[in-house]
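# Architecture at a glance
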Amino acid sequence: MKEYKKLPQFMGGWYINKKLTDKLIEQFHEKTNFHQPGHFGNNILDNTKKKSTEIALSPYILKSPFRDYVESVIACVQMYYKKYKFADVGVSVNGIFTDYKIQWYKPSEGYYIWHPEKTDYTLTGDRHLVFMTYLNDVKNGGTEFYYQKKKVPAQKGLTIIWPADWTFTHRGVISNKEDKYIATGWINFLKNERV
């Protein structure tokens, strides 16, 4: 996988197969019975803070392309661990224990507010790393990181990985003209793990 090298320290990025991203979007639109409005935190629905359509998927689905996507993310995570020594302490080799999401943002929709991925001990306290894949190119889209003063472009296939903590507070870059699709989820610490 080709590396995206224009990221701040403790972030990593690699490109997954673009044909796979097309298949994920196609499957997303075929599974309309699983569509739900985007929520955040403890299942909070507030369209002034986040507006999207999404589906949650188990990382253990055995059918392609969802299984192919999980395997691609695992390959990216392994490269992240090689890049950042000790980043894999206390986590599984495969790491993805919770559902991941495919999210569709129509023009002018997005995750508008600044937020980290670890916000609550009970619900999100096990989160170690975040992964996000842009499933399509969006000219004026992407993700903005507050402390890093960095906007990552929405480039089809680009999978970025970063720590879930407040030090990587971020928000979506909103496109007023184009749809934006992402797949996103978390690498969690193992429960009761001792180093």
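Our subject in this report is the structure included herewith.

Reading guide: rules and limits
Residues numbered from 1 in each chain as written. Predicted model: local features only at pLDDT ≥ 70, side-chain atom pairs only at ≥ 80, totals over all residues. Heavy atoms only, no water. Pairing = 2+ DSSP bridges. Helix = DSSP H or I, 4+ residues; strand = E, 2+ residues; numbered from the N terminus. Axes fitted to C-alpha atoms, helices over the stretch in contact; angles between N-to-C directions. Contact = heavy atoms within 4.5 Å. Salt bridge = Lys/Arg side-chain N within 4 Å of Asp/Glu carboxyl O. Buried < 20%, exposed > 50% of the residue type's maximum accessible area, 1.4 Å probe, protein only. 1 Å grid on protein atoms, 1.4 Å probe; cavity = no way out; pocket = protein on both sides within 12 Å on 5 of 7 lines; lining within 4 Å. Points joined across faces, edges and corners; volume = space filled by probe spheres on them. Nonpolar A, V, L, I, M, F, W, Y, C, P; charged D, E, K, R; others polar. Patch = residues over 30% accessible without salt bridge, like charges linked within 9 Å, V, L, I, M, F, W, Y side chains within 5 Å. Areas by Shrake-Rupley, 256 points an atom, 1.4 Å probe, with all protein chains shown as cover. Core = buried A, V, L, I, M, F, W, Y, C linked by side-chain atoms within 4.5 Å. Parallel < 35°, antiparallel > 145°, perpendicular 65-115°, else oblique. Left-handed = near helix turned anticlockwise from the far one by under 90°.

### A few points about the sheet that holds strand β11 (residues 170-172)
Taken together, 3 strands build an open sheet; the order of strands is β9-β8-β11 and the sheet is antiparallel. Edge positions in the sheet fall to β9 (150-154) and β11, since each of these pairs with one other strand and no more. Ignoring which end each strand starts from, the neighbouring axes of this sheet average 30 degrees apart. Inspection of the sheet shows strand β8 (residues 138-145) paired to β9 by 4 bridges, in the antiparallel sense. Bridge pairing links Val 138 to Ala 154 in β9.

### A short note on the sheet that holds strand β5 (residues 100-105)
Pairing is antiparallel in the open sheet, where 7 strands are placed in the order β1-β10-β7-β12-β5-β4-β2. What marks the edges here is a single partner per strand, and that holds for β1 (12-15) and β2 (36-37). In this sheet, strand β10 (residues 158-163) lies alongside strand β7 (residues 127-134) in antiparallel orientation, the contact comprising 5 bridges. Residue Leu 129 lies in a different strand from β10, and its bridge partner there is Pro 163. Its contacts with the sheet place helix α1 (residues 18-30) against β4 (53-57), β5, β7 and β12 (180-188), and it is angled at close to 80 degrees to β5.

### Here's the deal with the pattern of salt bridges
In total, this model carries 8 salt bridges according to the counting rule given. The closest approach of N and O atoms between Lys 83 and Glu 3, which form a salt bridge, is 2.7 Å. With Lys 83 in helix α2 (residues 66-83) and Glu 3 in the segment before β1, this pair connects stretches of sequence that are 80 residues apart. For Lys 83, a relative accessible area of 38% translates into the label partly exposed.

### A closer look at the layout of surface pockets
It is the rolling of a water-molecule-sized probe over the atoms that shows where space remains empty. If you add up the space inside the largest pocket, you get close to 940 Å³. As for the largest pocket, its lining consists of 46 residues, of which His 39, Lys 101, Glu 117, Arg 127 and Trp 186 are closest to the centre. Elements with a minimum of two residues in the lining of the largest pocket: β5, β6 (110-111), α3 (121-124), β7, β8, β11 and β12. Its residues placed into classes, the lining of the largest pocket shows 15 nonpolar, 18 polar and 13 charged.

### Comments concerning a nonpolar patch on the surface
A grouping of Tyr 146, Tyr 147 and Trp 166 is seen on the molecular surface, where their side chains present a nonpolar patch of about 390 Å² in accessible area. Overall, the relative accessible area of 47% leaves Tyr 147 in the partly exposed class.

### So, unusual backbone geometry
You will see that Phe 10, though not glycine, has its phi angle at about 75 degrees, which is positive. Mapping Phe 10 onto the fold places it in the segment before β1. Looking at Phe 10, the relative accessible area reads 41%, which means it is partly exposed.

### Structural notes on the nonpolar core
Grouped together as the largest cluster of nonpolar side chains are 30 residues, with contacts concentrated most on Tyr 69, Tyr 80, Tyr 81, Ile 102 and Ile 161. In terms of residues, this core owes the most to one element, α2, which gives 9 residues. With 21 residues, the next largest nonpolar core counts Tyr 15, Phe 40, Tyr 134 and Val 152 among its residues.

### Re the packing of α1 against α2
The contact between α1 and α2 brings their axes to 10 Å, and the two run at 135 degrees. By the angle between their directions, the pair α1 and α2 is classed as oblique. For the pair α1 and α2, the crossing hand works out as left-handed. Here Leu 20, Leu 24 and Gln 27 of α1 come into contact with α2, specifically with Phe 66, Asp 68, Tyr 69 and Ser 72. Residues belonging to the contact of α1 with α2 are distributed by class as follows: 4 nonpolar, 2 polar and 1 charged.

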